[in-house]
Amino acid sequence: MRGPRAAAIVLLVLAASVLLATIGYPPGNNGVPGPALVPRVLGLALVLVGCLLVRTPGQGAVPRVRHHLAIPATILLLLLYALLWRVVPFGVLTGVILLTFLRLTGVRWTGATIAAVLMAAALQTLFERGLGVRF
Amino acid sequence: MPDLLLLLPPLLSPDAWLYVFVGVGLGVLFGSLPGFTATMGLAVLTPFTFWVEPDQAMAMLLGLLVSAIFSGGVPAILLNTPGTPASIAMTWDGYPLARQGRAGLALGLNAIGAFFGIFLSLVVLLVAALPLSGLALRFGPAEYFAVAVFGLSTIVGVSGGSMLKGLAMGIVGLLLAVIGLDSITGYPRFTFGQPELLDGVSFIPVMVGLFGIAEVLTQMAGPARQQLDASTQTSGMLPTLAEARPLVSHAIRGSLMGIWIGVMPAAGADVGAILAWDQSRRFSRTPEAFGKGSLEGVIAATTGANAGIGGSLVTTLALGVPGDSAGAVLIGALLMHGLQPGPLLFRNRPDLVVTIVALVFMASLITLVWGLLGARVLTNILRIRDQYLWGTVLAVSLGGSYALNQSTGDVWTAVTAGILGFLLRQHGFPMGPLVLALILGPMAESNLRRALALSEGDISVFVTRPLSLLFLVLAALTLLWPLFSRKKHSHPDLPAATGADL
């Protein structure tokens with residue numbers, strides 16, 4: 001099961017969660033709808049669209065892509081970047097992440113190291129000195 | 001027409017020129033490189049504009065937008081690969097012209113046509129300002145709700161290939177927009193006890209994730225970029241007088257077509273350029289030359305694409321309805337600075353509207369000079385390796401998301417939006433509808449409930465007020481438009497417009 005059908009099922013689960021979550025919301029009064037109206041309408045609309053998407057034909061396997069190994073590795077790197085955001089100093093973290101990313105995408109050690117160090121230093125200067133951001 | 005003297009302060013301000021210049025420089029980078037769109041540039045730059053005045057922020061963002069649309073024509077001419085979807089039509093005559101050894105002339109016409117198209121579209125924006133500001137007095141919650149519905153109806157236009165997938169993304173965007181404290185009752189919705197969610201989902205990190213991080217991952221999955229032929233010559237950029245004379249009528253026609261398409265929400269610059277090129281061919285004395293390096297085709301394509309900028313600013317600023325993803329990001333930037341685009345903007349801040357006109361003019365002027373004198377730089381940009389740009393965009397995107405509120409939650413929001421955006425794009429789900437819905441959702445909901453409160457629950461208020469009815473009818477027509485346009489505009493020789501992000 002691929003493509004629209006898998007996404008449609010995720011959307012249907014999301015719609016069901018939205019509808020369930022709004023059960024306890026307060027009702028409206030004097031003809032003015034309460035906070036549940038719009039989420040419920042959207043939840044029902046999502047059910048409808050999800051059902052229609054389930055009926056659309058699924059795609060075949062996603063074709064082999066360029067950097068097919070680097071993409072999941074980059075996603076992991078991004079998660080690691082966010083996880084260590086306040087643990088490791090920004091400049092060091094950015095430099096290491098960039099170096100790893102550039103190596104993953106096929107840049108040679110020398111070029112990757114120079115670029116990572118320069119970019120990390122530039123960003124650290126821009127954010128901390130230029131914009132007064134505290135990491 | 002607004003007071004034209006208000007044009008002078010930005011035109012005479014060195015600061016304004018500097019900020020526009022910075023924006024133009026970034027726009028050249030994002031526009032020239034295939035895959036790096038104007039929307040991506042705007043999304044990445046927006047968080048950094050938080051530290052400057054709204055006028056200065058607009059100077060950078062508009063500079064970026066103008067030059068990115070122009071610069072998209074450069075790889076279209078030199079590599080047969082449009083830098084942005086707006087320059088698709090430029091490949092049809094620009095590249096054949098370059099193959100005939102006249103790449104310089106194609107680049108020169110691209111620059112001149114861009115300036116001409118933008119200039120005419122700014123005249124239209126100025127002329128439209130007064131009647132639109134007059135409408136502001138007649139806007140109440142019912143009208144604002146109808147305008148928001150009209151804006152949401154344009155989701156069908158920015159859905160690309162699949163309207164169903166676009167609708168799904170639009171609904172998801174609307175659901176994201178209801179997270180946080182309810183604006184009427186203060187009741188917390190979908191916050192799961194997290195204080196960070198009480199203010200709702202941060203728009204800027206979502207945008208950065210969807211258009212910055214997801215775009216990089218998408219490019220990594222795509223085919224490698226074509227490399228520039230070292231023998232490409234870029235001299236001889238200006239046409240002779242004999243060549244230029246017949247181009248004027250095509251430039252005017254292309255501009256008018258671009259403005260008209262730009263004013264219509266969701267019909268982006270790519271549609272404007274394609275229709276301008278097609279119309280030019282119909283009226284040309286040498287239609288057989290189109291597609292083989294016709295100068296008329298080049299000028300029509302560039303004026304059509306660039307004139308859409310002023311046209312789309314009319315609806316973006318006057319109604320608060322973004323014409324495309326780039327417009328949505330611009331609205332997000334204005335909201336970040338506490339400015340609500342819409343009818344009241346024309347009434348309360350006519351100076352800002354005129355300043356925006358001046359800034360777009362300045363950007364187009366710098367772009368013209370840059371386009372004519374910086375051809376060598378433009379061709380060198382095409383030699384930058386993708387990997388360095390990807391790394392920079394990822395780091396700047398996350399740094400910018402954090403810097404806005406100095407919140408790690410925003411970093412997680414951007415990363416999550418980026419990863420989900422990438423996965424959804426891989427399966428053909430467009431991102432434009434999600435962003436449109438995220439912007440227009442709160443406006444639609446709060447005004448729906450305010451209008452019902454004022455009318456004591458009478459829903460006929462939306463159809464008994466003329467302006468409200470007008471926008472609801474426009475919304476219905478916009479929803480039905482694809483059914484008609486597929487029949488009327490399907491020309492066998494024309495590739496379909498992409499509906500992609502600019």
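Cut-offs applied
- Residues numbered from 1 in each chain as written.
- Chains lettered and ligands numbered in written order.
- Predicted model: local features only at pLDDT ≥ 70, side-chain atom pairs only at ≥ 80, totals over all residues.
- Heavy atoms only, no water.
- Helix = DSSP H or I, 4+ residues; strand = E, 2+ residues; numbered from the N terminus.
- Buried < 20%, exposed > 50% of the residue type's maximum accessible area, 1.4 Å probe, protein only.
- Contact = heavy atoms within 4.5 Å.
- Areas by Shrake-Rupley, 256 points an atom, 1.4 Å probe, with all protein chains shown as cover.
- Lys, Arg positive; Asp, Glu negative; His and termini not counted.
- Charge placed at Lys NZ, Arg CZ, Asp CG, Glu CD.
- Core = buried A, V, L, I, M, F, W, Y, C linked by side-chain atoms within 4.5 Å.
- Domains from an automatic or database assignment.
- Phe/Tyr/Trp six-rings, centres within 6.5 Å; stacked < 30°, edge-to-face > 60°.
- Lys NZ or Arg CZ within 6 Å of the ring centre and 35° of its normal.
- Buried area = accessible area lost by both parts, 1.4 Å probe.
- Salt bridge = Lys/Arg side-chain N within 4 Å of Asp/Glu carboxyl O.
- Polar contact = N/O pair within 3.5 Å; in protein donor to acceptor, adjacent residues only side chain to side chain.
- Nonpolar A, V, L, I, M, F, W, Y, C, P; charged D, E, K, R; others polar.
- Expected span 1.5 Å × (residues − 1).
- Bend = angle between axes of the 7 residues up to and from the residue.
- pLDDT = per-residue confidence, 0-100.
- Arc of directions from axis to C-beta.
- Axes fitted to C-alpha atoms, helices over the stretch in contact; angles between N-to-C directions.
- Parallel < 35°, antiparallel > 145°, perpendicular 65-115°, else oblique.
- Left-handed = near helix turned anticlockwise from the far one by under 90°.

Participant: For this particular structure, what's the right way to read the overall build of chain B?
Facilitator: Scanning chain B from terminus to terminus reveals 22 helices and two strands. When its C-alpha atoms are laid out on the principal axes, chain B stretches across 70 × 50 × 45 Å. In chain B, which comprises 502 residues, the share counted as buried stands at 63%. Partitioning the intrachain contacts of chain B with sequence separation of at least 6 by distance along the chain shows that 80% fall at a separation of at least 24. On chain B, roughly 18200 Å² of surface is accessible, and the fraction owed to carbon and sulfur atoms is 66%. Looking at chain B, you have 24 positive and 25 negative side-chain charges, and the mean spots of the two groups are 9 Å apart.

Participant: I would appreciate a short explanation of the overall build of chain A in the present structure.
Facilitator: The number of helices and strands found in chain A is five helices and zero strands. When the helices and strands of chain A are placed in sequence order, the string is α-α-α-α-α. Taken across its 135 residues, chain A has 39% of its residues classed as buried. Restricting to contacts in chain A with at least 6 residues of sequence separation, those with at least 24 account for 57%. Counting every atom, chain A has about 7400 Å² of accessible surface; 69% of that belongs to carbon and sulfur.

Participant: When you look at the nonpolar core in this model, what are you seeing that I'm missing?
Facilitator: It is characteristic of soluble globular proteins that their nonpolar side chains tend to be buried jointly. Ranked by internal contacts, the top residues of the largest apolar core, which has 202 residues, are M58(B), L313(B), V360(B) and L398(B). Taken domain by domain, the makeup of this core includes at least three residues from each of domain 1 (3-55) and domain 2 (70-130) of chain A. Beyond its immediate chain neighbours, meaning those up to four positions away, L398(B) contacts L78(A), Y81(A), W85(A), I213(B), V411(B), A414(B) and V415(B).

Participant: Would you take a moment to explain the packing of aromatic side chains for this structure?
Facilitator: Within a pair of aromatic rings, the relevant descriptors are the distance that separates the centres and the angle that separates the planes. In this structure the tally under the stated criterion is 17 aromatic pairs over all chains. One cation-aromatic arrangement involves K165(B) over F429(B); the distance from NZ or CZ to the ring centre is 5.5 Å.

Participant: Where do I start with the interface of chain B and chain A in this structure?
Facilitator: A common way to report how large an interface is uses the accessible area buried once the components associate. Contact with chain B, which involves 57 residues of that partner, is made by 61 residues of chain A. Taking both partners together, chain B and chain A bury about 5000 Å²; carbon and sulfur atoms supply 78% of that area. When the buried area of chain B at its contact with chain A is split by residue, L164(B), M220(B) and Y402(B) rank highest and sum to 12% of it. Our count for the contact surface shared by chain B and chain A stands at zero salt bridges. Connecting chain B to chain A are eight residue pairs in polar contact (both at pLDDT 80 or more). Of all the secondary-structure elements, those providing two or more residues to the side of chain B that touches chain A are helix 8 (163-177), strand 2 (188-189), helix 9 (203-221), helix 18 (386-405), helix 19 (408-426) and helix 20 (432-454) of chain B. Top contributing element to the side of chain B that touches chain A by residue count: helix 18 of chain B, with 14 residues. Tallied by class, the residues present in the side of chain B that touches chain A amount to 36 nonpolar, 13 polar and eight charged.

Participant: For this particular structure, what's the right way to read helix 20 of chain B?
Facilitator: Residues that lie three or four places apart on an α-helix share one face, since the helix turns once every 3.6 residues. All names here are of chain B. Helix length check: helix 20, at 23 residues, gives a terminal C-alpha distance of 33 Å against a target of 33 Å (1.5 Å per residue), a fit within 8%. The largest bend in helix 20 amounts to roughly 40° and is located at L440, with the proline P442 lying one to four residues further along. The element helix 20 is largely enclosed, with a buried count of 19 among its 23 residues. One or two positions beyond helix 20, positive phi appears at E456, with a value near 55°.

Participant: I tried to follow the pattern of salt bridges on my own but got confused; where do I start?
Facilitator: A side chain of one charge can pair with a side chain of the opposite charge if their charged atoms are brought near each other. Residue and element names in this part refer to chain B. Here the structure, examined in full by the defined rule, presents nine salt bridges over all chains. Between R281 and D278 there is a salt bridge, with the nearest N and O atoms lying 3.1 Å from each other. Of the two residues, R281 and D278 are both situated in helix 12 (residues 269-283); the distance of three residues between them amounts to about one turn of the helix. Summarising the burial analysis for this pair, R281 and D278 share the class buried. Across the pair D278 and R282 runs a salt bridge, and its minimum N-O distance is 3.0 Å. Taken as a pair, D278 and R282 lie in helix 12 at a separation of four residues, close to a single helical turn. Members of the salt-bridge network, linked through shared partners, are D182, R189, E445 and R449.

Participant: Please clarify how the environment of V473(B) should be interpreted in this entry.
Facilitator: With respect to the helices, strands and loops of the structure, V473(B) is situated in helix 22 (residues 466-488). Considering only alpha carbons, one finds V473(B) and A328(B), 145 residues apart in sequence, at a separation of 22 Å.

Participant: How should the confidence of the model for chain A be read in this particular structure?
Facilitator: The predicted coordinates of low-pLDDT regions are not to be read in fine detail. On average, residues of chain A carry a pLDDT of 87, and 90% of them reach 70 or more. Mean pLDDT per element in chain A: helix 1 (residues 3-21) of chain A is the minimum at 87, and helix 4 (residues 90-104) of chain A is the maximum at 95.

Participant: Explain helix 3 (residues 70-83) of chain A to me, please; I cannot follow it from the model alone.
Facilitator: All names here are of chain A. Between its first and last C-alpha, helix 3 extends 19 Å over 14 residues, near the 20 Å set by a 1.5 Å rise per residue. Here helix 3 has its buried residues at A70, I71, T74, I75, L77, L78, Y81 and A82. For helix 3, the arc enclosing every buried residue in end-on projection is 160°, short of the 170-degree limit, so these residues lie on one face. Turned more than 90 degrees from where helix 3 packs its buried face, L76 and L83 sit exposed.

Participant: I would appreciate a short explanation of the packing of helix 5 (residues 109-130) of chain A against helix 18 of chain B in the present structure.
Facilitator: Packed helix pairs are characterised by how far apart their axes lie and by the angle those axes make with each other. Interhelical geometry of helix 5 of chain A versus helix 18 of chain B gives an angle of 25° and a closest axis separation of 11 Å. Relative to helix 18 of chain B, the element helix 5 of chain A is oriented roughly parallel. Like other packed secondary-structure pairs, helix 5 of chain A and helix 18 of chain B cross with a definite hand, here right-handed. Only Y388(B), T392(B), A395(B), V396(B), G399(B), G400(B) and A403(B) of helix 18 of chain B make contact with helix 5 of chain A, whose side of the interface consists of G111(A), A115(A), M119(A), L123(A) and F127(A). Its residues assigned to classes, the contact of helix 5 of chain A with helix 18 of chain B shows eight nonpolar, four polar and no charged.

Participant: Please clarify how the packing of helix 18 of chain B against helix 19 of chain B should be interpreted in this entry.
Facilitator: All names here are of chain B. Running from N to C, helix 18 and helix 19 cross one another at 145°; their axes reach a closest spacing of 7 Å. Handedness of the helix 18/helix 19 crossing: right-handed. Across the interface between the two elements, L398, S401, Y402 and N405 of helix 18 pack against T408, D410, V411, A414 and V415 of helix 19. Of the residues in the contact of helix 18 with helix 19, the class split is five nonpolar, three polar and one charged.

Participant: Even after reading the chapter, I still don't get the confidence of the model for chain B, so can you show me in this structure?
Facilitator: All names here are of chain B. Here chain B averages 84 in pLDDT, while 91% of its residues score no lower than 70. Across residues 489-499, confidence stays below pLDDT 50; counting only partners more than four residues off in sequence or on other chains, it has 24 contacts. Interface confidence in the predicted complex, given as ipTM, is 0.89; pTM for the same model is 0.79.

Participant: Explanation requested: the side chain of S407(B) in the structure shown.
Facilitator: Residue and element names in this part refer to chain B. One can find S407 in the loop between helix 18 and helix 19. Under the relative-accessibility criterion, S407 is labelled buried at 15%. Side-chain polar atoms of S407 contact the backbone nitrogen of G409, separated by 3.1 Å. Those residues in contact with S407 that sit more than four places away from it in its chain are E196 and Y402.

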